[in-house]
Amino acid sequence: VAAKVLGNWRLSTTEFYSSGQPVSIGSGVSFPIFNGRNAAQVPGYDGWRGTQASSKFDPQTDNFFQPKSFFGTQSQTAEGNMTRFNPKLRQMGNYSENISVAKGFQITERLKLDFRAEAFNMFNRVRFGNGSTSLSDPNFGRILGNGDLLNDPRRMQMALKLYF
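Presented here is an overview of the structure given in this document. Every value quoted in this text rests on a predicted model; they were computed, and no experiment measured them. (Residues numbered from 1 in each chain as written. Predicted model: local features only at pLDDT ≥ 70, side-chain atom pairs only at ≥ 80, totals over all residues. Heavy atoms only, no water.)

## What to know about the overall build of the chain
Argument step 1. Along its length, the chain carries 1 helix and 6 strands.
Argument step 2. Relative to the 2.2 N^0.38 estimate, which gives 15 Å for 164 residues, the radius of gyration of the chain is 24 Å and therefore markedly larger than a compact globule would have.
Argument step 3. Across its three principal directions, the C-alpha atoms of the chain cover 80 × 40 × 25 Å.
Argument step 4. The buried share of the chain, reckoned over its 164 residues, is 30%.
Argument step 5. At a minimum sequence separation of 6, the contacts of the chain that also span at least 24 residues come to 70%.
Argument step 6. A total of about 11,100 Å² of accessible surface is found on the chain, and carbon and sulfur atoms cover 55% of it.
Argument step 7. Taking the average place of the 19 positive charges on the side chains of the chain and the average place of its 12 negative ones, the gap between the two points comes to 6 Å. (Helix = DSSP H or I, 4+ residues; strand = E, 2+ residues; numbered from the N terminus. Rg over C-alpha atoms; globule rule 2.2 N^0.38 Å. Buried < 20%, exposed > 50% of the residue type's maximum accessible area, 1.4 Å probe, protein only. Contact = heavy atoms within 4.5 Å. Areas by Shrake-Rupley, 256 points an atom, 1.4 Å probe, with all protein chains shown as cover. Lys, Arg positive; Asp, Glu negative; His and termini not counted. Charge placed at Lys NZ, Arg CZ, Asp CG, Glu CD.)

Set out below in structure tokens:
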């Protein structure tokens, strides 16, 4: 009986670990001859990241970027000097673990029951975005809600499948 219940379980996992994507900001200044990206005027690529009150990022008190004054005023008459992405600043890293446990139970010769349990983002890791990336937005760099989260919360599901 113990072998029937405890034996032949199938376990599978997928893990995903990556550094965040490079960050870009926009000036918010539009030019009628350009229909694409509005590059910002930046003093350089160092020091863009905002200060944190503790070792962990807290969206209630911390901003992803430095204050807008760090970047200076944006010119209404000239295109900015920023490249598409800042090579020295990335979004927060992406760490995710998914797990699946399954077992088949042979009840009779023709009757079989499959059980499966799955957990996605098993450790419920939160991945914050960077908030607004437009220097003309009053909420520049602030994370304001679930729309600024880059991953889903933990999800779990179970299933039974009867073959007859």
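## A word on the nonpolar core
Argument step 1. Ranked by size, the top nonpolar core spans 16 residues in total, and within it Ile25, Val42, Trp48, Phe65 and Phe71 carry the most contacts.
Argument step 2. Once you skip the residues sitting within four places of it in the chain, valine 42 turns out to touch Ile25, Trp48, Phe71, Asn81 and Met82. (Core = buried A, V, L, I, M, F, W, Y, C linked by side-chain atoms within 4.5 Å.)

## Observations regarding the packing of aromatic side chains
Argument step 1. Within the structure shown, the criterion is met by 9 aromatic pairs.
Argument step 2. Judged by centre distance (5.6 Å) and plane angle (55 degrees), the ring pair of phenylalanine 57 and phenylalanine 128 falls under tilted. Here phenylalanine 57, found in the loop between β2 (22–23) and β3 (86–90), pairs with phenylalanine 128, found in the loop between β5 (112–120) and β6 (155–163); they are 71 residues apart in sequence, far enough to count as distant. Assigned by exposure class, phenylalanine 57 and phenylalanine 128 land together as buried.
Argument step 3. When the centroid spacing of 5.7 Å and the interplanar angle of 90 degrees are considered together, the rings of phenylalanine 71 and phenylalanine 140 count as edge-to-face. Here phenylalanine 71, found in the loop between β2 and β3, pairs with phenylalanine 140, found in the loop between β5 and β6; they are 69 residues apart in sequence, far enough to count as distant. (Phe/Tyr/Trp six-rings, centres within 6.5 Å; stacked < 30°, edge-to-face > 60°.)

## A short note on the side chain of asparagine 94
Argument step 1. With respect to the helices and strands, asparagine 94 occurs in strand β4 (residues 94–106).
Argument step 2. Take asparagine 94: its relative accessible area is 15%, and that puts it in the buried class.
Argument step 3. Once residues within four sequence positions are removed from consideration, asparagine 94 is found in contact with Phe16, Tyr17, Ser18 and Arg127.

## With respect to the pairing of β5
Argument step 1. Two elements, β4 and β5, share 8 bridges in a ladder whose sense is antiparallel. If you follow alanine 102 over to β5, its bridge partner there is arginine 116.
Argument step 2. Hairpin connection, β4 to β5: the antiparallel pair is bridged by 5 residues.
Argument step 3. Pairing of β5 with β6, which is carried by 9 bridges, proceeds in the antiparallel orientation. Across the sheet, residue phenylalanine 120 finds its bridge partner in β6, namely arginine 155. (Pairing = 2+ DSSP bridges.)

## Concerning the pattern of salt bridges
Argument step 1. Considering all chains together, one arrives at 4 salt bridges under this definition.
Argument step 2. Salt-bridge contacts for aspartate 46 lead to lysine 88; the nearest nitrogen and oxygen are separated by 2.9 Å. Here aspartate 46 is found in the loop between β2 and β3, whereas its partner lysine 88 is found in strand β3, with 42 residues between them in sequence. Lysine 88 shares its class with aspartate 46; the two are exposed. (Salt bridge = Lys/Arg side-chain N within 4 Å of Asp/Glu carboxyl O.)

It is worth stressing that arrangement in space is one thing and function is another; only the former is reported here.
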